[in-house]
Amino acid sequence: MKTLNWYVTRGFLLAFSMAIAILTFGMTGANLVKVLDYVSQGISFWTFLEFTLYILPIILTFTVPWAVMVAVMLVFGRMSADCEITAMRACGISIMQIVSPILIITFFLTLFCLYLQVEIGPPLLGKSRSLMQTAAINQPLAIFEPGKPIEYENTIIYIDDKEGENGIKGVQIYTLSDPQTVAQDISAARGELSVDKEKQLLIVHLYDCLVVDKKSTAGGADKAGGGVPTRFYTQELEFSFNYGRQANAQRISVRPKYMTLADLMGRIRLTKELNRDTTELEVELNQRIAFALSPIAFLLLGLPLAIRTSRRETSVGLFLSVILAGLFFLSIILCESLSSFPKLYPQYLLWLPNIVFQILGAVMTYRISQR
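Below you will find a few notes about this structure. Counting starts from 1 at the beginning of each chain's written sequence and moves along it residue by residue. Per-residue local features are limited, in this predicted model, to residues with pLDDT of at least 70; the limit for side-chain atom pairs, both in listing and counting, is 80 or more; totals at the level of whole chains, interfaces and linings are taken over all residues. Excluding hydrogens and water, the side-chain figures rest on all heavy atoms present in the structure.

### Describing the packing of helix α1 (residues 2-31) against helix α3 (residues 45-81)
An axis is simply a line fitted to the C-alpha atoms; with a helix, the fit covers only the stretch in contact. Between two such axes, the angle follows the N-to-C directions and lies from 0 to 180 degrees. In this description a helix means any DSSP run of H or I spanning at least four residues, a strand means any run of E spanning at least two, and both kinds are numbered starting from the N terminus. Here α1 crosses α3 at 140°, and the two axes come no closer than 6 Å. What the angle tells us is that α1 and α3 run oblique. Note that α1 runs across α3; the crossing there is right-handed. Classifying every residue of the contact of α1 with α3 by side-chain character gives 25 nonpolar, six polar and one charged. To sort the angles, those under 35 degrees are grouped as roughly parallel, those over 145 as roughly antiparallel, those from 65 to 115 as roughly perpendicular, and the leftovers as oblique. Left-handed describes a crossing whose near helix is turned anticlockwise from the far helix by less than a right angle; the clockwise case is right-handed. Gly falls in the polar group here, along with every residue not listed as nonpolar (Ala, Val, Leu, Ile, Met, Phe, Trp, Tyr, Cys, Pro) or charged (Asp, Glu, Lys, Arg).

What follows is the structure, encoded as structure tokens:
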């Protein structure tokens, strides 16, 4: 029996290791696209590594259960196709004896996911969100992208291209008197950027500038009957922006998404004492636990499906695992989106995917065991 258990466990661990490596790499890469853009523009590579480490725990809470299903579908699908499960049962070995090592491994993986969801992952996810903000303070030149607006205080800056480390070309600057009114329109052929990190000032030196001052009007009137904006040319012009002021403004409260379990429970209790609605907080709490328990649901449903399909082809197992995992995660996300409708009790609807998967899996496994 030990030999049989080791045979099943070895196959599962091998498939699980490959699946979690591929899935984690794919999901991590999807979250790093914007960060890689910043790295190419000057953000340090260490910031990239730090961001990756911060988001990894939350990503693992998605990829671990998914990898469990992929491994189960591949291993037991192949064993069923090769009639190995039939031979084991002919020797008096039950389905539960065959799958018992996988149940133990999945139980510990569930505890691992639960720990990541309630303690480690949310605070680190919050740090990852503020990391790029901090990087912008240390390296503000990296956020300048051709064709994209950069906003500082009441000023919007566009550039056509970068030149060297600090040079910019085709600069357009709009200064606003209010959010919808342009006070000055400044065009410059080229410019240079410099940073005073101690004072957190971004200094923009412009050359060959045309300034259109719309608040100051010359004689005459335009076609609309208003004053003609003042225009003048200057060889040099300089702006300075306190880029760290807004970035350094920290929120007093932390979003529930980034709280540990103890903090989230404390927030729920305090909100109830203030007679306020706690649906959003309860949805966040139940969602974390529902995600953490998903490895068990994926195992219970994936096992009988793998035995029933009885296919050696890897593509079949991967296809089924993608469909089932997609349905599970999408169902929870849809239930989470109902947090603004407390009368629908979304905090309890979140458990439906787990319950449905586990009941279906248990019933199908029982029927197979009774054959």
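Back to the write-up after that little detour.
### Looking at the pattern of salt bridges
Each salt bridge in this description consists of a side-chain nitrogen of Lys or Arg and a carboxyl oxygen of Asp or Glu lying within 4 Å of one another. Under the defined criterion, the tally for this structure stands at three salt bridges. Here Glu273 makes a salt bridge to Arg269, at a shortest N to O gap of 3.7 Å. Of this pair, Glu273 and Arg269 both sit in helix α7 (residues 261-273), four residues apart, roughly one helical turn. For the pair shown, Glu273 and Arg269 are each scored as exposed. For each residue, the accessible area found with a 1.4 Å probe, counting protein chains only, is set against the maximum for its type, and the residue is called buried under 20%, exposed over 50%, and partly exposed in between.

### Comments concerning the environment of Gly26
Mapped onto the elements of the fold, Gly26 is located in helix α1. For Gly26, a relative accessible area of 40% translates into the label partly exposed. With 37 residues separating them in the primary sequence, Gly26 and Thr63 have C-alpha atoms 9.7 Å apart.

### Thoughts on the layout of surface pockets
Whether a set of points on the 1 Å grid over the protein atoms alone is a cavity depends on a 1.4 Å probe fitting there but being unable to get out, while an open set qualifies as a pocket with protein on both sides within 12 Å along at least five of seven lines; lining residues are those with an atom within 4 Å of a point. Grid points are joined across faces, edges and corners, and a volume is the space filled by probe spheres set on the points. By volume, the largest pocket amounts to about 630 Å³. Residue lining of the largest pocket: 22 residues in total, with Leu125, Lys257, Glu284, Gln287 and Glu336 positioned closest to the centre. Of the residues forming the lining of the largest pocket, the biggest block, six residues, is contributed by helix α8 (residues 279-292). Looking at the lining of the largest pocket residue by residue, the classes come out as eleven nonpolar, four polar and seven charged.

### Some words on the packing of aromatic side chains
Only rings of Phe, Tyr and Trp enter the pairing, Trp through its six-membered ring, and a pair is recorded when the two centres are within 6.5 Å. The plane angle decides the type: under 30 degrees is stacked, over 60 is edge-to-face, the rest tilted. Following the criterion strictly, the structure yields 13 aromatic pairs and no others. Geometrically, the ring pair formed by Tyr158 and Tyr174 is edge-to-face, given 6.3 Å between the ring centres and 85° between the ring planes. On the criterion of sequence distance, the pair formed by Tyr158 in strand β2 (residues 155-158) and Tyr174 in strand β4 (residues 167-178) is long-range, its members being 16 residues apart. Note on Tyr158: relative accessible area 32%, which makes it partly exposed. Ring centres 4.9 Å apart and planes at 85° place the aromatic pair Phe298 and Phe328 in the edge-to-face group. Of the two residues, Phe298 is situated in helix α9 (residues 294-309) and Phe328 in helix α10 (residues 314-336); the sequence distance between them amounts to 30 residues. Of the two residues, Phe298 and Phe328, both sit in the buried class.

### A word on unusual backbone geometry
The backbone phi angle of Asp208 is positive, close to 55°, even though this residue is not glycine. Within the fold, Asp208 resides in strand β6 (residues 201-221). With a phi close to 50°, Tyr345 is a non-glycine residue in the positive phi region. Among the structural elements, Tyr345 can be located in the loop between α10 and α11 (346-349). Judged by relative accessible area, Tyr345 falls into the partly exposed class, the value being 49%.

### Some words on α7
An α-helix turns once every 3.6 residues. As a result, residues three or four positions apart point the same way. Here α7 is 13 residues long and its end C-alpha atoms lie 18 Å apart, about the 18 Å a rise of 1.5 Å per residue gives. Restricting attention to buried positions, one finds in α7 the residues Leu264, Ile268 and Thr271. Angularly, the buried residues of α7 cover 70° about the axis, an arc narrow enough to put them on a single face. Exposed residues lying more than 90 degrees from the buried face of α7 are Ala262, Arg269 and Glu273. One or two steps after α7, the chain reaches Asn275, where phi turns positive at roughly 60°. The span expected for a helix works out to 1.5 Å for each residue beyond the first. It is the directions from the helix axis to the C-beta atoms that the arc portrays.

### Considerations on the environment of Arg255
Structurally, Arg255 can be placed in the loop between α6 (243-247) and α7. For Arg255, a relative accessible area of 42% translates into the label partly exposed. Sequence-wise, Arg255 and Gly126 are 129 residues apart; in three dimensions their C-alpha atoms are separated by 8.5 Å.

### Looking at the packing of α7 against α8
The N-to-C vectors of α7 and α8 enclose an angle of 150°; their axes lie 10 Å apart at closest approach. Put simply, α7 runs roughly antiparallel to α8. For α7 against α8, the interelement crossing comes out left-handed. Judged by residue contacts, Leu261, Leu264, Met265, Arg267, Ile268, Thr271 and Lys272 of α7 engage Leu281, Glu282, Glu284, Leu285 and Arg288 from α8. When its residues are assigned to classes, the contact of α7 with α8 shows six nonpolar, one polar and five charged. Only heavy atoms enter the contact rule, under which two residues are in contact if any of them lie within 4.5 Å.

### A few points about the pairing of β4
Pairing of β2 with β4, which is carried by four bridges, proceeds in the antiparallel orientation. Paired with Thr155 across the bridge in β4 is Thr175. Note: strand β3 (residues 161-163) against β4, three bridges, orientation antiparallel. Looking at β4, one finds that Lys162 is bridged to Ile168. Across ten bridges, the pairing between β4 and strand β5 (residues 181-196) is antiparallel. Its bridge partner being in β5, Ile168 is matched across the sheet by Gly191. In this description, strands pair whenever DSSP reports at least two bridges between them.

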